[in-house]
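Understanding the architecture of this molecule
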Amino acid sequence: MIWLHASAPGKPALGQACNGCGVCCAAEPCPVARVFLWQFKGSCRALEWHADVQQYRCGMLLQAASYVRWLPRGWQSWFAKRVRRWIAAGTACDSDASAAAAISTTNSGE
Ligand code: SF4
Ligand code: SF4
């Protein structure tokens, strides 16, 4: 079971253009998260919801120093270039996970 924003786009098929649905990163951490965040299961804590574009984004690409404490802020753009290559950001969807919507009955008060 993974939790995603209700407005997140549906997951495209494997090989289609990435639409920022967040399914892959909510299902399990990628190698970047495993190495730099020491996160080995669960939804990646660097996965960010961006309401302005109604999509998920990788926080390790956008603001890695917020997640990796030892990384100087001045190194973020250098680091982001490497992360972009490591996770193949902006390319086709490489996740074969399937996602089916479920309705939450929890009243969060929002
Ligand atoms: S790679 Fe696929 S599953 Fe991951 S965010 Fe992009 S479209 Fe969604
Ligand atoms: S580090 Fe980025 S690409 Fe990797 S799982 Fe986390 S949010 Fe996704």
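Described in the following lines is the structure provided in the data block. This structure is a prediction, so every number in the text was calculated from the model and none was measured.

**Structural notes on the overall build of the protein**
In terms of regular secondary structure, the protein is built from four helices and two strands. When the helices and strands of the protein are listed from N to C terminus, the series reads α-α-β-β-α-α. Taken over the C-alpha trace, the protein has a radius of gyration of 14 Å; the compact-globule value for 110 residues is 13 Å, and the two agree within 12%. On the principal axes, the C-alpha backbone points of the protein span a range of 45 × 35 × 30 Å. Sequence separation of 24 or more characterises 44% of the internal contacts of the protein that already satisfy a separation of 6 or more.

**Remarks on the site of ligand 2**
Lining the immediate surroundings of ligand 2 are Cys 25, Pro 29, Cys 30, Val 32, Ala 33, Cys 44, Ala 46, Leu 47, Cys 58, Gly 59, Met 60 and Ile 87. Split into classes, the residues belonging to the shell around ligand 2 amount to 11 nonpolar, one polar and no charged.

**Considerations on unusual backbone geometry**
A positive phi angle, near 55°, is found at Gln 54, a position not held by glycine. Positionally, Gln 54 belongs in the loop between β1 (47-50) and β2 (55-58). Here Gln 54 falls in the partly exposed class, since 13 other C-beta atoms lie within 10 Å of it. We note that Ala 88 has phi near 55°; this positive angle belongs to a residue other than glycine.

**Examining the nonpolar core**
The nonpolar side chains of a soluble globular protein tend to be buried with one another. Core analysis: the largest hydrophobic core is formed by 15 residues, its most contacted members being Cys 25, Ala 46, Cys 58 and Met 60. Sorting the residues of this core by element identifies α1 (23-27), β2 and α3 (59-62) as the ones contributing at least two each. Tallying contributions element by element places α1 first for this core, with four residues. When residues no more than four places from it in sequence are discounted, the contact partners of Cys 25 are Cys 30, Ser 43, Cys 44, Leu 47, Tyr 56 and Cys 58.

**Here we look at the pairing of β2**
Of the two faces of β2, the one holding Tyr 56 and Cys 58 is buried and the one holding Gln 55 and Arg 57 is not buried anywhere. As defined by bridge partners, β1 adjoins β2 across four bridges and the pair is classed as antiparallel. Within β2, the position partnered with Glu 48 by the bridge is Arg 57. Hairpin connection from β1 to β2: four residues lie between these consecutive antiparallel strands, with Gln 54 at a positive phi of about 55°.

About the cut-offs
Residues numbered from 1 in each chain as written. Chains lettered and ligands numbered in written order. Predicted model: local features only at pLDDT ≥ 70, side-chain atom pairs only at ≥ 80, totals over all residues. Helix = DSSP H or I, 4+ residues; strand = E, 2+ residues; numbered from the N terminus. Rg over C-alpha atoms; globule rule 2.2 N^0.38 Å. Contact = placed C-beta atoms within 7 Å. Near = placed C-beta within 6 Å. Nonpolar A, V, L, I, M, F, W, Y, C, P; charged D, E, K, R; others polar. Buried ≥ 20, exposed ≤ 12 C-beta atoms within 10 Å, placed from the backbone. Core = buried A, V, L, I, M, F, W, Y, C linked by C-beta atoms within 7 Å. Pairing = 2+ DSSP bridges.

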